[in-house]
Amino acid sequence: AQSVTQLDSHVSVSEGTPVLLRCNYSSSYSPSLFWYVQHPNKGLQLLLKYTSAATLVKGINGFEAEFKKSETSFHLTKPSAHMSDAAEYFCVVSWGGGNKLTFGTGTQLKVEL
Amino acid sequence: EAGVAQSPRYKIIEKRQSVAFWCNPISGHATLYWYQQILGQGPKLLIQFQNNGVVDDSQLPKDRFSAERLKGVDSTLKIQPAKLEDSAVYLCASSQGLAESDTQYFGPGTRLTVL
């Protein structure tokens, strides 16, 4: 079975400092991986996705993630946090064809002044 | 482009009552999904439609949950009778198709509280 593990349930950073949200995946074959963001009272929004093309994936709002097969990781980074980045972030894997998503448990990002 | 619409946004019911949620996907999207998001967890897929046919309902508790997409556009998800553990946010999503490259777009969700 395919799954993702988000290593931190909460991350707190200061505005202007780098963001690192960690995700490891478990998959018996090369997966498709995604990061989604969920702002309070808003729908989930796709940040970026990896579908076996370039291993460094750039997304919206300055976020990027690197697929590392040897480490089975897909960590999300941003060079400089902004207050508007405060939200919950989900690492997601797609498995078995048919565009079915399995979500991690989420990382709540807090950005402080 | 209009997004995925869901109603109601909030619903409070007593246990053993029934409830229905409605979803209108993005125009032209053939694939529609219902997810359940329990507080503190990631969303879990309940059912997936392709046009008006069910692709996967393996995670749907069929003794109490049902869903339909009769004309291949709007969809309804029903719970009858509701249990306390059904308290969650119910998310609807849609995509152009079943390929992994087809992005899923999510609605704002319906927050259900069962008392």
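Residues numbered from 1 in each chain as written. Chains lettered and ligands numbered in written order. Predicted model: local features only at pLDDT ≥ 70, side-chain atom pairs only at ≥ 80, totals over all residues. Heavy atoms only, no water.

(A) Seen up close, the nonpolar core. The biggest cluster of nonpolar side chains holds 26 residues, and the ones touching the most others in it are W35(A), L48(A), L76(A) and Y89(A). The element contributing the most residues to this core is strand β10 (residues 87-95) of chain A, with 4 residues. Residues C23(B), L60(B), F65(B) and C92(B) belong to the second largest nonpolar core, which totals 21 residues. (Core = buried A, V, L, I, M, F, W, Y, C linked by side-chain atoms within 4.5 Å. Buried < 20%, exposed > 50% of the residue type's maximum accessible area, 1.4 Å probe, protein only. Helix = DSSP H or I, 4+ residues; strand = E, 2+ residues; numbered from the N terminus.)

(B) Focus on the environment of K83(B). Residues and elements named next belong to chain B. Mapping K83 onto the fold places it in the loop between β8 (75-79) and β9 (88-95). Owing to a relative accessible area of 38%, K83 belongs among the partly exposed residues under this scheme. Between the C-alpha atom of K83 and that of E14, which follows or precedes it by 69 residues, the distance is 8.4 Å. Excluding residues that lie within four positions of it along the chain, K83 makes contacts with R64 and V114. (Contact = heavy atoms within 4.5 Å.)

(C) View of the packing of aromatic side chains. Applying the stated rule across the entire model yields 14 aromatic pairs over all chains. A ring pair is formed by Y50(A) and F67(A), whose centres lie 4.1 Å apart and whose planes are at 15 degrees; its orientation type is stacked. With Y50(A) in strand β6 (residues 44-50) and F67(A) in strand β8 (residues 64-68), the pair connects residues that are 17 residues apart, well separated along the chain. Across the pair, F67(A) and Y50(A) agree in class, each one buried. Three or more aromatic residues joined by ring pairs form one cluster here, namely F34(A), Y36(A), F90(A), F103(A), Y33(B), Y35(B) and F106(B). (Phe/Tyr/Trp six-rings, centres within 6.5 Å; stacked < 30°, edge-to-face > 60°.)

This is a description of form; function is not addressed.
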